[in-house]
Each structure stands twice: as structure tokens, then as C-alpha cells.
Amino acid sequence: MYKGIEASRGIGIGSICLIVERDLSFESKHIDDTEAEKARFNAAIEKFKAETAEMAENIRKNIGPKEAEIMEGHLAMIADPTMAGEMNKMIDAGQCAEAAVTAVCDMFIGMFSKMEDDMMRQRASDISDIKISLLKILLGVEDVDISKVAPGTVLVAHDLTPSMTSQIVKENVVGIITEVGGKTSHSAILARALEIPAVLSVPGITEIVKDKDTAIVDGTEGDVYINPDGEVVSKYVIKREEFIRAQAELKNFFGKETVTADGNKVELFCNIGTPKDAKKAIECDGEGIGLFRSEFLFMDKPHLPTEDEQFEAYKEAVETMGGRTVIIRTLDIGGDKDIPYLGLEKEENPFLGYRAVRYCLANTDIYKTQLRGIIRASAFGKVKIMVPLVTCVDEVRAVKALVEECKNELKSEGVSFDDKIEVGCMVETAAASLIADMLAKEADFFSIGTNDLTQYTMSVDRGNANVAYLYSAFQPAVLRSIKNIIAAGNAAGIPVGMCGEAAADPLMIPLLMSFGLDEYSVNPVLVLTARSIISKWTKAEADALAEKVLSLSTEKEIVAALKEAAK
Ligand code: PEP
Ligand code: MG
């Protein structure tokens, strides 16, 4: 068995088609007629643009508009005068077109691949794709035609460029294995969009296999088998059937309401990090946004975003959601989220320090800019404001006073907004949980942040591997806390949601049902799974399970009992 990165879920069993890299070596020679060489180079660029535009169109038709953006990105990069300009300059200096393309692309690849940011590193891979395509055109090398592979094929390649992937006929390719690429690489994105199981970054796989070998691709676990024995094949045939059945069952939940087995309706929202993610929430059938982490607006730039920049971003998400609720969490920085230009001091205990609402209330200019942006966006849909890291009533009162101040300002400026905009609080600290009854009198809604609630209840740093064994929302202390928060919200008549990861945990869901949670906010890809789990339990069954679980005193026993019940 070979291990790689699980990039697209599912099981594929088939016969290998090994894609051998074409030889793109060339002899670098000095050019005297630089004008003729530039004409050859520019003709290659034009051909590249035409081919890329055609591929973008193919992808748009066969896969989707979002995936076509990859090829459109290539077009934009080559249209940028810097890259082609540098190449032309090198040809003017007597280099051949192949050498100019290689030198300039390699320079950009080197620059982008050193960057911290995933998106920037992805640029390096885009430029590598452009380089290969241009060299193929200049050297007259024909691309491998993947569109002709036989049904039941597992593609094995060093790397699958988007241009190769765009030719894939979904019905014929049952699996993909490559030697490079990660979960966010373009081949991974395209494989997921095509629903083809894929395992990437399997070291040396192109040397290990040959054409027509049998391969099993387990894209859920990241496992690859080459020429497995009959027993392994039988095991994976069953696994494949189970996967297909489960997927088909999940699809039945698309477009349905989220209801328990005994007909109680709850809300199933999504957690997002950028306005573009709102589209994903809609595609995945989310019923609203339960947590819009607004930090990205502040982390994406080298300076504070202006009120207008923020307003536009919030408005985009709100308009995408078309009247469904969008809960925007105000700036939650500090702790593990640093924003360099704010110049925050290094602290001994950053998770217990000057962060989130504490920072915002001490920097009301920054906070009011954000609140005004959010309030203005409320004119375009159903917006709610959510305050992170609340520990006492004073904080909620202070935020509400600032919200009123902003509303009055906007009113006098003649700007429209939803005058009834709600202000709720995240309940994610031990303090907030203990005074949930008091907070419920101040807040319009609660959302339980179990990621932090677990950290602060268990006194365990959520990022420290040495104490990770204690970091579990199934610890009796955390479960009691969750139950208490929901009960306080229910008693006060305000809606209670949960936006921590626990809201999507199939083992946690029946407990949350029993405690009376009104709204579950999950990663968009987990919407249908959560809806399916919720549909399987009645309140009476969930209550019986919760009663049993709350009588157990260790996390191990609790998880074991929940697993048993989930069977
Ligand atoms: C949480 O703490 O549960 C939460 C949803 O917020 P974050 O993970 O952004 O801290
Ligand atoms: Mg949190």
C-alpha cells in the first residue's frame, strides 16, 4: 500500500494509464534575428491564449464556472504585460524564446513558491503550467490526449495540469494518482468537482507502476494499492458500494428542510471566511450563514480595511444569501490570529489577553468602522451582529451602545439599514457559560463556539499537541456547559446556535437535539451529512441517550456510548 494526500473522496478501482511526461528539453542558442524570434514567441502566446480560452470554455460547460476560473487566471497572467514584457526583453538581448520563457517563469515560480500564503504558492503552480504549455507550443510537442482513455481508467501522472484535467471524460476515469500537489492544488479542486477519487503526492508512483496495472485509489483515506490480491479488491469493492450508497442517500437531502425524525424543524447554517464562500454555502444547500469570520478582511491586506471595503464584502455575502440570515462575527483577533500592522504586543498568555471584543472596545474607532460597514449591509438582507469572546454583561452592553451610536450616525447621514438589527453573543468562554442566564437578558441570540469553549473550559491550549488528549467537546465538563448555555437561552426565549466544529459532529448531534439547540452552523461541505444525522433521531431517543451520557464521568466512556448508539 502506498500513502498520499487524500484529495478527492471515494474509491476507484481500475486499470492504469500512465501519463509519461513529454521531453521539453531544448538547446539554448544565441539569436541574431531577434525580430523573427519575437514574432515566433508572440505567435506562441496567441496560440496559448486561444487554446486556454477554449479549455476554459470546456471546463465551464463540463465542470462549472468556478473551476473555469483556473484557466481564466492563466489568461490573465499571460495578459499581464510584466511577464510577456520580460520575455520579450530577453529575446531582444539575443536569447531564444524557449530560454526566455524558462528563465522568466522560473524566476516567478521561485518568488511565489517561497511565500507563506497558500494562494500565493498556488500561483507558482499556475506559472509552472503556463511555462509547460508555452514550451510545448514552441517545441511543437503534442499534449497527451486524456479524452481518449478507455472506461475504468486510473490516471497516473507526475502532475495533472488543469489543461490535462480539462480533457477528462468523467465516465471513463475512475481514479487519479499523482506525485505532486496537495488538497488545494488545482488538480485536487478539479478532481473533487468531477467527483473522481484522487490521491496526490504519492512519492515515486510513476516509477512504480506501468500501463494496465490494476490500481485501487482510496481518495477518502489517501491510500493506493497497485496490483492488489483478490481479498483486497473484494474489500474495496464493498467499500466502493458503501460510499456510493451513502453519497446517493446524502443527495436525497438536498433541497429538503432540516427536520428531526419526529418532525421538529431546526436551522442548518454554514460557517464561512470570505464573501465568496457564501456561494459555496448556497451550492451545498446551507440555509443561512451562522458564522462569517470577518478576520480575513483584516488579514488579507497590509492595512486596516476601510468602512466601504468592509461594507462591500459584507454586502456581497448578504446578497448572495438572498434574504437568508447572515451572522457576521466582529473582529476576533489576538490569540492565534495576529495582524502585524496593528502592532499588538507579544503577550505571555495570548489566549487570555488583549484580543477580540476586548481589543475592539479599547479601539472604538476601528470597531465603529466595522460596525457601520455591517449595519449598512443590513439594508440588503437579513444581517445579525455577533460578538466574540464575551466574558461579562458589560461587554455586551458596551457593544450595543456602540451599535446604537453607529445607527444614529447613519440615520443622520440618510443611510438606510435594518433598524431592528440583532446583536448576539458567542458563548465560548467558561465565564459566559456560567452567566448564560444573565447574558441571555442582554443578547438577541447565542451561538456556542465549542472550539474555544473547550479550550477555556478544559484550560487546554487548542493548538498544543501535548495536551490535545484533553481537548474534546465530549469531556463531561464541556457537555454540562453546553447543556447549561442552551437551557439558559431557551428559558429566556432567545435562539441558540452552535458554530464550533462540534455542531457537525455526528456523535454530538443527538445530544444537541436533546439539549434543545435551534441552529447548527457547519462547514458547507458537511451540510447534507448533518441534515441526514438530524433526520435519524427523535427527541425521545436523543433525550434517552443524553440522560445516559450525562451520567458517565469520563470522555472515553461518553464517546464509546455515543458510538454504540450511532450504530
Ligand atoms: C469557536 O471558538 O468555536 C469558533 C467558532 O470560533 P473560532 O474557531 O474562529 O475561534
Ligand atoms: Mg472562537
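Residues numbered from 1 in each chain as written. Chains lettered and ligands numbered in written order. Predicted model: local features only at pLDDT ≥ 70, side-chain atom pairs only at ≥ 80, totals over all residues. Heavy atoms only, no water.

Moving on, we get to the site of ligand 1. The environment of ligand 1 is formed by 13 residues, the closest being Arg-293, Arg-329, Gly-449, Asn-451 and Arg-462. The separation between an oxygen atom of ligand 1 and a polar main-chain atom of Gly-449 is 3.3 Å. At 2.8 Å, a backbone N or O of Asn-451 approaches an oxygen atom of ligand 1. Protein coverage of the free-state accessible area of ligand 1, which is 290 Å², stands at 98%. If you list the elements that add at least two residues to the shell around ligand 1, you get strand E10 (289-293) and helix H18 (450-458). With three residues, H18 is the single largest residue contributor to the shell around ligand 1. (Near = heavy atom within 4 Å. Polar contact = N/O pair within 3.5 Å; in protein donor to acceptor, adjacent residues only side chain to side chain. Areas by Shrake-Rupley, 256 points an atom, 1.4 Å probe, with all protein chains shown as cover. Helix = DSSP H or I, 4+ residues; strand = E, 2+ residues; numbered from the N terminus.)

Together, Lys-66, Arg-192, Lys-279 and Lys-280 make up a positively charged patch on the protein surface. Here Arg-192 is to be found in helix H7 (residues 186-194). Overall, Arg-192 belongs to the partly exposed group, its relative accessible area being 38%. (Patch = residues over 30% accessible without salt bridge, like charges linked within 9 Å, V, L, I, M, F, W, Y side chains within 5 Å. Salt bridge = Lys/Arg side-chain N within 4 Å of Asp/Glu carboxyl O. Lys, Arg positive; Asp, Glu negative; His and termini not counted. Charge placed at Lys NZ, Arg CZ, Asp CG, Glu CD. Buried < 20%, exposed > 50% of the residue type's maximum accessible area, 1.4 Å probe, protein only.)

Our next topic: the sheet that holds strand E1 (residues 2-3). The strands that make up a sheet are held in pairs by hydrogen bonds between backbone atoms, and each pair lies either parallel or antiparallel. Taken together, eight strands build an open sheet; the order of strands is E1-E8-E7-E3-E4-E5-E6-E2 and the sheet is mixed. With one partner strand each, in any of the chains shown, E1 and strand E2 (5-8) form the two edges of the open sheet. Relative to strand E4 (residues 153-157), strand E3 (residues 11-19) runs parallel, the two being bridged by five bridges. When the bridges of E4 are listed, Ile-16 appears paired with Val-154. Along the sheet face, H7 touches E2, strand E5 (173-178) and strand E6 (198-200) and points at about 50° away from the line of E2. Taken strand by strand, helix H9 (residues 230-251) contacts E3, strand E7 (214-218) and strand E8 (223-226), and its axis lies near 115° from that of E3. (Pairing = 2+ DSSP bridges. Contact = heavy atoms within 4.5 Å. Axes fitted to C-alpha atoms, helices over the stretch in contact; angles between N-to-C directions.)

The subject of this paragraph is the sheet that holds strand E15 (residues 496-498). Ordered by their spatial adjacency, eight strands build a closed barrel running E9-E10-E11-E12-E13-E14-E15-E16, and the pairing between neighbours is parallel. Adjacent strand axes in the sheet meet at a mean angle of 25° when their direction is disregarded. Two elements, strand E14 (residues 446-448) and E15, share three bridges in a ladder whose sense is parallel. Bridging from a neighbouring strand, Phe-446 pairs with Val-496 of E15. Sitting on the sheet, helix H21 (residues 527-535) touches strand E9 (267-272) and strand E16 (519-522), and the angle it makes with E9 is about 155°.

Moving on to the nonpolar core. Membership of the largest hydrophobic core comes to 99 residues, with the highest contact counts inside it found for Phe-292, Leu-439, Phe-446, Ile-448, Ile-482, Met-508 and Tyr-520. A per-element tally of this core places helix H15 (residues 393-412) first, with seven residues. When neighbours within four sequence positions are excluded, Phe-292 is seen to be in contact with Ile-272, Gly-273, Thr-274, Pro-275, Ala-313, Tyr-314, Ala-317, Val-326, Ile-327, Ile-328 and Arg-329. Membership of the second largest hydrophobic core comes to 25 residues, among which are Phe-41, Met-83, Ile-91 and Leu-135. (Core = buried A, V, L, I, M, F, W, Y, C linked by side-chain atoms within 4.5 Å.)

Right, let's get into helix H12 (residues 307-320). For H12, built from 14 residues, the straight-helix expectation of 20 Å at 1.5 Å per residue is met to within 8% by its first-to-last C-alpha distance of 20 Å. Close packing links the buried residues of H12 with helix H10 (277-283), E10, helix H11 (295-299), strand E11 (325-329), helix H14 (364-377) and strand E12 (382-387). (Expected span 1.5 Å × (residues − 1).)

Before going further, it helps to examine the coordination of the magnesium ion (ligand 2). Note on the magnesium ion (ligand 2): its protein donors are Glu-428 (OE) and Asp-452 (OD). The metal-donor distances range over 2.1 to 2.2 Å. In this pair, Glu-428 is assigned in the loop between strand E13 (422-427) and helix H16 (430-434) and Asp-452 in helix H18, connecting sequence segments 24 residues apart. Residue Asp-452 is classed as buried on the basis of its relative accessible area, which comes to 4%. (Donors = N, O, S within 2.8 Å, 3.2 Å for Na, K, Ca; no water.)

It is worth spelling out H14 at this point. Over its 14 residues, H14 extends 19 Å from the first C-alpha to the last, a length consistent with the 20 Å expected when each residue adds 1.5 Å. Those residues of H14 that fall on the buried side of the exposure criterion are Ile-366, Tyr-367, Lys-368, Gln-370, Leu-371, Arg-372, Gly-373, Ile-374, Ile-375, Arg-376 and Ala-377. Buried positions along H14 lie against H11, H12, E11, helix H13 (356-362), E12 and H15.

What follows is about the packing of helix H3 (residues 81-92) against helix H4 (residues 97-113). One can describe the packing of H3 onto H4 by two numbers: an axis separation of 9 Å at closest approach and a directional angle of 135°. It follows that H3 is oblique to H4 by the angle criterion. Seen from above, H3 lies across H4 with right-handed handedness. Touching Met-83, Glu-86, Met-87, Met-90 and Ile-91 of H3 are Ala-97, Ala-100, Val-101, Ala-103, Val-104, Cys-105 and Phe-108, all from H4. Each residue belonging to the contact of H3 with H4 can be placed in one class, and the counts come to eleven nonpolar, no polar and one charged. (Parallel < 35°, antiparallel > 145°, perpendicular 65-115°, else oblique. Left-handed = near helix turned anticlockwise from the far one by under 90°. Nonpolar A, V, L, I, M, F, W, Y, C, P; charged D, E, K, R; others polar.)

In short, shape yes, function no, at least from these values alone.
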